[in-house]
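Letter by letter, the chains look like this.
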Amino acid sequence: MVSVASRSYSTTDWQLGYRSLSHEYDYWVTEIEGRIPERLQGTLFRNGPGKLEAGSQRYGHPFDGDGMVCAITFVGGRVHFRNRFVRTPEFEAEEKAGRVLYRGVFGTQKPGGWWANFLDLRFKNPANTNVIYQGGKLLALWEASAPYRLNPATLATEGIETFAGALAPNQPFTAHPRRDPATGDLMAFGVQTGPPSILVFYRVDAQGRLVEKRDYRLPSFAFLHDFVWTPRYWIFFQNPVAFNPLPYVLGWQPAGTCLTLKKGEPTRIWLFPQQGEPLQLQTEPGFVFHFVNGYDVGDQVVVDAVLYETYPALEPGADYLQIDFAQVPAGKLWRFELDPKTGKVKRELLLDRSVEFPAIHPARMGGSHRYIYIGATHAPGSNAPLQAILRLDTTTGRSEQYSFAPRGFVGEPVFIPDPEDAAEEAGWIVTVVFDAASQRSQVVILEAANLAAGPVARIPLRHHIPYGLHGSFTPQTWVEADPNKG
Ligand code: CO
């Protein structure tokens, strides 16, 4: 047992960050602590569940919450904030009805018990996982269906993005595309869970056109959240999870709770070369949601990932707000060295800490990286909410961090490169921190090369933002830095 006194946080504080934000804002932040770096210009888009209930019914899992996109614009030393919900037809219908009409994939059942959910396989696309700007299109992503396109200036929902009909309106498209820094092309995939599972690869060029689509079959069920792209391979870790659809189809349980880790089965690692047949390697069982990056070294491939040794499932009917973090499996940073010739896989623990939401300098994507930035618990040891931003130097093994404990809870760090310095550590780490003391969120800017020194700027918002998922940065801006408009 962990005594309460040794904890870096209070559960009541943590729970406060999971209240919905119903208001849609549009304003300049007037009081900034510190100074916005002059060369930091552009827009940080973030996505996450903004609304966690319909009417009086709370969704069973935050991953079922309705996508709310925030645009945080840095321009001329000033900061502008805007948030809008992704107005999917399901969101609008539930708003109008004032109750849950759709089953959520992760934990939400329609009210009325099993018979109201019996054989009801319709689920909603909450468009809540990531948001990325590519070739003039701002896309809100959710992996089991097609992207929603938003207006980058107003965040108004424009509709489902089918890339001129290349995607069906409900076709799976990952929330984790990866951009080739050399061409600006976006690599993405979608998986129709089987067995057999159909894995489709997409390439979207810098003009936002879908220019490549290939599909493969994978034996058995595949739950693939993220992947690794290198100039030679597309790499997937097929975690040994089984999906028993019966309780879902019969209406007893939401789909996300029907996953189990198959004991004694390996994780299959699939390497898809740019041409030809895929190679299959195997490693110890484990579960990866997020990869840091991967790169080719001679004939071998290095892959860094956050690995869970068991699947961190939420028990059916459990309340996520009452979760005991000390009992939740911790994700840790591991390095995998893959040898496609011999089939050998070597793995090594890089950092014995509970971490999530990895980031690197975007120009290092698919090439070698030295530094990893990641959300971390305040201290090593027992699992807890993410309260610190940590930097690991993979060459020396040294890490440094800045912690917002006891009352701050961090989101995903995003690396924003310094436009005038190409060095890997030149740039800023920007994250959104929920501050339980003020019950509001802050946008925080840290110097990537000197995390431990703490924020160079804290930008307190007028409200909180419910704990978010992923986001991305573009140097483009859509609001004018006119002080008269403040
Ligand atoms: Co993710």
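Position numbers for residues start from 1 in each chain and track the written sequence from start to end. Totals for whole chains, interfaces and linings use every residue, but because this is a predicted model, local features are given only for residues with pLDDT of at least 70 and side-chain atom pairs only at 80 or more, for both listing and counting. Based on all heavy atoms of the structure, the side-chain values leave hydrogens and waters out of the count.

**A short note on the overall build of the protein chain**
- Counting from the N terminus, the helices are DSSP H or I runs at least four residues long and the strands are E runs at least two residues long. Assigned secondary structure in the protein chain consists of four helices and 35 strands.
- Each residue gets one of three labels from its accessible area relative to the maximum for its type: buried under 20%, exposed over 50%, partly exposed in between, using a 1.4 Å probe on protein chains only. Expressed as a percentage of its 486 residues, the buried residues of the protein chain come to 56%.
- Long-range contacts, defined here as pairs at least 24 residues apart, represent 60% of the contacts in the protein chain between residues at least 6 apart.
- About 19,700 Å² of surface is accessible on the protein chain, with carbon and sulfur atoms providing 51% of the total. By the convention used here, residues are in contact when the closest approach between their heavy atoms is within 4.5 Å. Only the protein chains shown count as covering a residue, and every accessible area follows the Shrake-Rupley method with a 1.4 Å probe.

**Examining the pairing of strand 7 (residues 78-85)**
- Of all eight residues in strand 7, eight are buried; the element is thus mostly enclosed.
- Burial along strand 7 is two-sided: the residues Arg78, His80, Arg82 and Arg84 and Val79, Phe81, Asn83 and Phe85 are all buried.
- Here, strands pair whenever DSSP counts at least two bridges between them. In this structure, strand 1 (residues 26-28) lies alongside strand 7, joined through three bridges in antiparallel fashion. Directly across from Asp26, in strand 7, lies its bridge partner Arg82.
- In terms of strand pairing, strand 6 (residues 66-75) meets strand 7 through eight bridges, oriented antiparallel. Bridged to Ile72 within strand 7 is Phe81.

**Observations concerning the sheet that holds strand 35 (residues 471-474)**
- Sheet architecture is open: five strands sit in the order 1-7-6-3-35, paired in antiparallel fashion. Edge positions in the sheet fall to strand 1 and strand 35, since each has one partner strand and no second. Averaged over all adjacent pairs, the angle separating strand axes in this sheet is 15 degrees, with direction ignored.
- Relative to strand 35, strand 3 (residues 42-51) runs antiparallel, the two sharing four bridges. By the bridge assignment for strand 35, Leu44 is matched with Phe473. Each axis is a line fitted through C-alpha atoms, taken for helices only over the stretch in contact, and angles between the N-to-C directions span 0 to 180 degrees.

**Thoughts on the pattern of salt bridges**
- When a carboxyl oxygen of Asp or Glu is within 4 Å of a side-chain nitrogen of Lys or Arg, the pair counts as a salt bridge. Per the stated rule, a full pass over the model turns up 28 salt bridges.
- In this structure, Asp26 and Arg82 form a salt bridge, with 3.0 Å as the shortest nitrogen-oxygen distance. One end of the pair, Asp26, is in strand 1; the other, Arg82, is in strand 7, with 56 residues separating them in the sequence.
- For Glu212, the salt bridge goes to Arg214, with nearest N and O atoms at 3.1 Å.
- Among the residues examined, Glu212 registers a relative accessible area of 23% and is labelled partly exposed.
- Through salt bridges with shared partners, one network takes in Lys51, Asp66, Glu94, Glu95 and Lys124.

**Describing the nonpolar core**
- Buried Ala, Val, Leu, Ile, Met, Phe, Trp, Tyr and Cys residues form a nonpolar core when they are joined through side-chain atoms within 4.5 Å. With 26 residues, the main nonpolar core has Ile72, Phe74, Val443, Ile445 and Ile459 as its most contacted residues.
- Contributions of two or more residues to this core are made by strand 6, strand 7, strand 31 (414-417), strand 32 (427-435), strand 33 (440-447) and strand 34 (457-460).
- Broken down by element, the residue count for this core peaks at four residues, all from strand 6.
- With residues near it in sequence (within four places) discarded, Ile72 still touches Gly42, Thr43, Leu44, Arg46, Val79, His80, Phe81, Val432 and Val443.
- If you look at the next biggest cluster of nonpolar residues, it comprises 19 residues, including Phe289, Tyr308, Ile360 and Ala376.

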